[in-house]
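# Report on the structure
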Amino acid sequence: MVDVPAAASRLAEELRASRQASGLSFGQIIQQGMRQSPPVALTKSTLSAWFNAQSVPRAGRAFIFLTELLESRAGSRPGQRSRARWENLRRAAEQSRTTARRNSAASGPHTQKQHGEHRSARPLRIGLVPDTADVLVERAHREALARALDDPEDSDVEDAASAAVRGRLITGTGGVGKTCLAADYCHRAADGADGGVDVLVWVTANTTPAVTGAYAHAARELELVPSSENTASAAEQFLNWLRVTDRSWLIVLDDVHSPGALEGLWAPRRTAGRGRVIVTTRSRERDLVTASGHPFLSVGVFTPEESLTHLRNTLQRAVPTGADAELAGLADDLGHLPLALSRAAAYLDYNASCSVARYRRLLADRRLTLERLIPAVRGSAATSSLAALWDISVDQADQHTGMLARPMLELAAVLDGTTGIPAPLFTSDAARTWLTERSRTDGPVDEFEAEHTLATLDRLHLIDHTPGEGCDDTWLVRVHQLIQRAVREQQPPGSSPDVRTQRRNTVLPAAAHALLEIWPDTAHDQDHAQRLRASARSLATHDQDGESHPLWQDDTAYTLLFRLGTSAGESGDISWARAHFDALRSLAHQHLGADHPHTLFARGELSRWQSRAGDHAGAVQTLESLEADHIRLFG
């Protein structure tokens, strides 16, 4: 145990006194914070750390809200003078903690024998822990991670000679904030009131040599081995030391790709001191749990409330109070993906003349790529573009599926990944024909290979493959909208932009045939029919993006559009069916000719839905014109 700096203790004492005078519980403070606009997200663990001098609040809106709430409830009138007083207390506490840490690190090495090994008494840091965001959104995952790693368990006292190592595997797709959560915990743990962490190792663990090298570096710094010791032996000595040391340690393995890459390099499951392990990974492979001995902590996208808080707090420009609707719309456009929201805020701050509304219009323009609209930010922890972030996972999936992963994602990228795509579509004859042609495999792709590819994409968080909902037991495939867009925009290095157009011209008909193949003749389930219509509408939208209209260049793919219109009308969406068949009449006339049977059929359906919509005069006019052409053509 180390002494808490006096200034930090004083701030905590002042906070406790104000809270006692206010009569507020932590729960009431949290509730008041959530009622603010935008909400101030606080948790019991955060408040407890502040009120007990375990950590120092950061400058900003949360601390101001807290102190003004306590003072107002205690009967005082908050103002500039009291705000300045609290900020001076906070700044003094922050500086005292920084000074204490520097003095501790500068006290010089002091070694002693323990379990036959040398150790240094000074804190050891191996690897660079990324900086966290200046404004960190308080997420449930943050408290869940702290609770999992810090709360005592009864099992910890079963063996007096050692304690269980606490750990979590933070899993989720690229861009949800896994590394940010791990880094935030590291910074808070290193600054803990119980002396922090004696040995902290942070390593980007996507290769075996990177992990071995970091362990070997730690062993040499701890004087466990001579500097001439080979890397593998030094790493082994460090792992052995973790088992027997009574010092506290924290190992972070960031971006682990597979459990096999770390065979023999997982941290021990028990230690004589206090051990913690954090692993971040895009995989949800159960073998990771078995190999590491720690459970998953799944992290997804922000909630709408978290997205709004993040955008308001991150944007440096002045945001009017009435701008919440535009910001909420922007969050929806970006699928509430934390990294995308941060990049969008940086873009808006850099391009000060671009309003949120105009930026949303740019995002909706499919001619502009994510690379241009959500660029990587220089100097940030995540320097890769969003597309490059997911490309790593796609390449990994391709390696495990015989190059079928990307073609299957290309199929999913033109369908409605939000409502959910019926999984049988991906094992249909049409889909497997597409996979065979696109991957250039030696033989035709069978159902087992298609199902294995779906499972691999799900394991790497590129899709969510889940059971159906309600009375429909068909499994569904969901894909984040930005992953879909990145896949559509993907262009191999050195290739012509025509590659994207050529891919679009072939994948749209393939997806249409796959939808037609699984579309039942009669609607046996409304939810299933709604999902089919949602994906068909997505295809119709993509077909209209360019001038080529790929669905109409295929002999039968365009018939999906007729099936869509009829299904929509029969489900009750009569106005939409009427407008849809009016558009189909023009498209069929343009691509098939005025006298083609399907052009005539489109006119007949238009008359039908005009009548159902109450436009009887229009229906009669359309029908009379159609009858005249029938007499001309067929007598």
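Heads up: these notes are all about the structure in this document. (Residues numbered from 1 in each chain as written. Predicted model: local features only at pLDDT ≥ 70, side-chain atom pairs only at ≥ 80, totals over all residues. Heavy atoms only, no water.)

### Let's talk about the overall build of the protein
Along its length, the protein carries 27 helices and 13 strands. Across the protein, every contact between residues at least 6 apart in sequence was considered, and the portion connecting residues at least 24 apart equals 70%. Here the protein displays about 29,600 Å² of accessible surface, and carbon together with sulfur accounts for 50% of that area. (Helix = DSSP H or I, 4+ residues; strand = E, 2+ residues; numbered from the N terminus. Contact = heavy atoms within 4.5 Å. Areas by Shrake-Rupley, 256 points an atom, 1.4 Å probe, with all protein chains shown as cover.)

### Digging into the pairing of strand S6 (residues 199-204)
In terms of residue burial, S6 counts as a mostly covered element, since five of its six residues are buried. Pairing between strand S3 (residues 124-126) and S6: three bridges, direction parallel. If you follow Leu 124 over to S6, its bridge partner there is Val 199. (Buried < 20%, exposed > 50% of the residue type's maximum accessible area, 1.4 Å probe, protein only. Pairing = 2+ DSSP bridges.)

### Quick notes on the sheet that holds strand S5 (residues 166-171)
Taken in spatial order, the six strands line up as S3-S6-S7-S9-S5-S10 in an open sheet, and their pairing is parallel. Edge strands, defined here as strands with exactly one partner in the open sheet, are S3 and strand S10 (296-298). Shown here is a sheet whose adjacent strand axes are inclined to one another by a mean of 15 degrees, direction ignored. (Axes fitted to C-alpha atoms, helices over the stretch in contact; angles between N-to-C directions.)

### Some thoughts on the packing of aromatic side chains
All chains considered together, the criterion is met by 10 aromatic pairs. Ring geometry for Trp 552 and Tyr 558: centres 4.9 Å apart, planes at 5 degrees, overall stacked. Since its relative accessible area comes to 4%, Tyr 558 is described here as buried. In this structure an aromatic cluster arises from ring pairing among Trp 552, Tyr 558, Phe 562, Phe 581 and Phe 601. We note Arg 19 situated over the ring of Phe 51; from NZ or CZ to the ring centre the distance is 5.9 Å. Sitting over the ring of Trp 576, Arg 537 keeps its end group 4.0 Å from the ring centre. (Phe/Tyr/Trp six-rings, centres within 6.5 Å; stacked < 30°, edge-to-face > 60°. Lys NZ or Arg CZ within 6 Å of the ring centre and 35° of its normal.)

### Structural notes on the sheet that holds strand S13 (residues 476-478)
Reading across the sheet, the three strands line up as S11-S13-S12 and stay open at both edges, with antiparallel pairing between neighbours. Since the sheet does not close on itself, it has two edges, and those belong to strand S11 (421-422) and strand S12 (464-466), each with one partner. Sheet topology note: the S11/S13 ladder contains two bridges and is antiparallel. From the neighbouring strand, Ile 421 faces S13, where its bridge partner is Val 477.

### Description of a negative patch on the surface
Taken together, the side chains of Asp 446, Glu 447, Glu 449 and Glu 451 define an acidic patch exposed on the protein surface. Turning to its location among the elements, Glu 451 is positioned in helix H19 (residues 447-459). Of the residues examined, Glu 451 reaches a relative accessible area of 43% and is grouped as partly exposed. (Patch = residues over 30% accessible without salt bridge, like charges linked within 9 Å, V, L, I, M, F, W, Y side chains within 5 Å. Salt bridge = Lys/Arg side-chain N within 4 Å of Asp/Glu carboxyl O. Lys, Arg positive; Asp, Glu negative; His and termini not counted. Charge placed at Lys NZ, Arg CZ, Asp CG, Glu CD.)

### Quick word on helix H20 (residues 481-489)
When you tally the buried positions in H20, you get seven out of nine residues, the bulk of the element. Those residues of H20 not exposed but buried are Leu 482, Ile 483, Gln 484, Arg 485, Ala 486, Val 487 and Glu 489.

### With respect to the pattern of salt bridges
The full count for this structure, using the stated rule, is 32 salt bridges. A salt bridge links Arg 274 to Asp 150, with the nearest nitrogen and oxygen atoms 2.9 Å apart. Of this pair, Arg 274 sits in strand S9 (residues 274-281) while Asp 150 sits in helix H6 (residues 140-150); the two residues are 124 residues apart in sequence, bridging distant segments of the chain. The closest approach of N and O atoms between Asp 391 and Arg 406, which form a salt bridge, is 3.3 Å.

### Things to note about the side chain of Thr 280
Counting through the fold element by element, Thr 280 comes out in strand S9. The exposure class of Thr 280 is buried, given its relative accessible area of 1%. Among the polar contacts made by the side chain of Thr 280, one reaches the main-chain amide nitrogen of Asp 255 at a distance of 2.7 Å. Excluding residues that lie within four positions of it along the chain, Thr 280 makes contacts with Ile 170, Lys 178, Thr 179, Ala 182, Leu 253, Asp 254, Asp 255 and Val 256. (Polar contact = N/O pair within 3.5 Å; in protein donor to acceptor, adjacent residues only side chain to side chain.)

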